[in-house]
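# Fold and geometry: a report
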Amino acid sequence: MIYFLKSICLLFGITLVAFASLQFNDPDPVIWVSFYTICALVPLLLLVNKFYRTIFWIAVSICAVQLFISAPGAYQYYLHMTEEPLMQGMNADKPYIEECREFLGALIALALVVISALIAKVTIIK
């Protein structure tokens, strides 16, 4: 069971590191690479049986802030989603598409961080 949970943590960590590596071509790479790297620390540290509440709460906080910042754009996209595909190039006339992608990325990161914390709690990793 412990190997299965560690495999999940490894998968989450690799996913978040991959998200970070995809941000290098973004207009603001420092923000996004840092964001995903901090989030990746939570599941990756669980691989060595370390769970730091401070890092967890920092990751949750930055995810919450990003969700709050990008929520209006995600809502705008929701209103236009029947006429606009989410997977298209960046367009200055439609910034809500990029904000919706940022919202979804932050939501995925938050879910992986929280699930990692639940795994830590279940396996009593300190």
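Below or above, wherever it landed, is the structure these notes cover. Remember, it's a predicted structure, so these values are computed and weren't measured experimentally.

Here we come to the overall build of the protein chain. A count of helical and extended segments in the protein chain gives 4 helices and 0 strands. From first element to last, N terminus to C terminus, the protein chain shows the α and β order α-α-α-α. Partitioning the intrachain contacts of the protein chain with sequence separation of at least 6 by distance along the chain shows that 64% fall at a separation of at least 24. Just so you have it, the protein chain exposes about 7700 Å², and 72% of that area is on carbon and sulfur atoms.

With 28 residues, helix α3 (residues 53-80) ought to run about 40 Å at 1.5 Å a step, and its terminal C-alpha atoms sit 39 Å apart, in line with that. Of all the bends found along α3, the most pronounced is centred on Ser70 and spans about 45 degrees, while Pro72, a proline, follows it within four residues. Buried within α3 we find Phe56, Ala59, Val60, Cys63, Gln66, Leu67, Ser70, Gly73, Ala74 and Tyr77. Tucked inside the fold, the buried residues of α3 contact α2 (29-46) and α4 (95-123).

Attention shifts here to the packing of α3 against α4. Each packed pair of helices is defined by two parameters, the angle between the axes and the distance between the axes. For the pair α3 and α4, interaxial distance at closest approach is 7 Å and the crossing angle is 145 degrees. Handedness of the crossing formed by α3 with α4: left-handed. Of the residues that constitute the contact of α3 with α4, the class distribution is 20 nonpolar, 5 polar and 2 charged.

Tallying each qualifying case throughout the model produces 1 cavity of 30 Å³ or more. As a volume, the largest cavity reaches approximately 40 Å³. Residue lining of the largest cavity: Val42, Leu45, Lys50, Phe51, Tyr52, Ile55 and Phe56, and that is the complete set. Of all elements in the fold, only α2 and α3 reach the threshold of two or more residues within the lining of the largest cavity. Grouping the constituent residues of the lining of the largest cavity by class yields 6 nonpolar, no polar and 1 charged.

By volume, the largest pocket is sized at about 340 Å³. Together, Phe19, Leu22, Gln23, Asn25, Asp26, Trp32, Tyr36, Glu98, Arg101, Glu102, Gly105 and Ile108 line the largest pocket. Those elements that place two or more of their residues in the lining of the largest pocket are α2 and α4. Take the lining of the largest pocket: its biggest share by element is 5 residues, from α4. Looking at the second largest pocket, its volume works out to about 210 Å³. Lining the second largest pocket we find Phe51, Arg53, Phe56, Trp57, Ala117, Leu118, Ala120 and Lys121. Those elements giving two or more residues to the lining of the second largest pocket turn out to be α3 and α4.

Positive phi outside glycine occurs at Asn49, with the angle close to 60 degrees. Turning to its location among the elements, Asn49 is positioned in the loop between α2 and α3. Its relative accessible area of 39% is what places Asn49 among the partly exposed residues.

Each value, and the rule that gives it
- Starting afresh in each chain, residues are numbered from 1 along the sequence in its written order.
- For this predicted model, a pLDDT threshold of at least 70 governs which residues receive local features, and a threshold of 80 or more governs which side-chain atom pairs are given and counted, while totals over whole chains, interfaces and linings are taken from all residues.
- Excluded from the side-chain calculations are hydrogens and water; all other atoms, namely the structure's heavy atoms, are used.
- Every helix listed is a DSSP run of H or I at least four residues long, and every strand listed is a run of E at least two residues long, numbered separately from the N terminus.
- By definition in these notes, contact holds between two residues if any of their heavy atoms fall within 4.5 Å.
- Here the accessible surface of atoms and residues is derived via Shrake-Rupley with a 1.4 Å probe, and residues count as covered only by protein chains that are part of the display.
- Given a helix with a known number of residues, its expected span is that number minus one, times 1.5 Å.
- Two axes enter the definition of the bend at a residue: one is fitted to the seven residues ending there, the other to the seven starting there, and the bend is the angle between them.
- For every residue, the accessible area (1.4 Å probe, protein chains only) is compared with the maximum for its type, and the residue is labelled buried under 20%, exposed over 50%, or partly exposed between those bounds.
- The angle between two axes is taken between their N-to-C directions and runs from 0 to 180 degrees, where each axis is a line fitted to C-alpha atoms and a helix contributes only its stretch in contact.
- Left-handed describes a crossing whose near helix is turned anticlockwise from the far helix by less than a right angle; the clockwise case is right-handed.
- Three residue categories are used. Nonpolar comprises Ala, Val, Leu, Ile, Met, Phe, Trp, Tyr, Cys and Pro, charged comprises Asp, Glu, Lys and Arg, and polar comprises the others, including Gly.
- Grid points spaced at 1 Å over the protein atoms alone were grouped into cavities, where a 1.4 Å probe fits but cannot get out, and pockets, open sets with protein on both sides within 12 Å along at least five of seven lines, with lining residues defined by an atom within 4 Å of a point.
- Grid points are joined across faces, edges and corners, and a volume is the space filled by probe spheres set on the points.

Function cannot be inferred from these measures alone, as they are strictly geometric.
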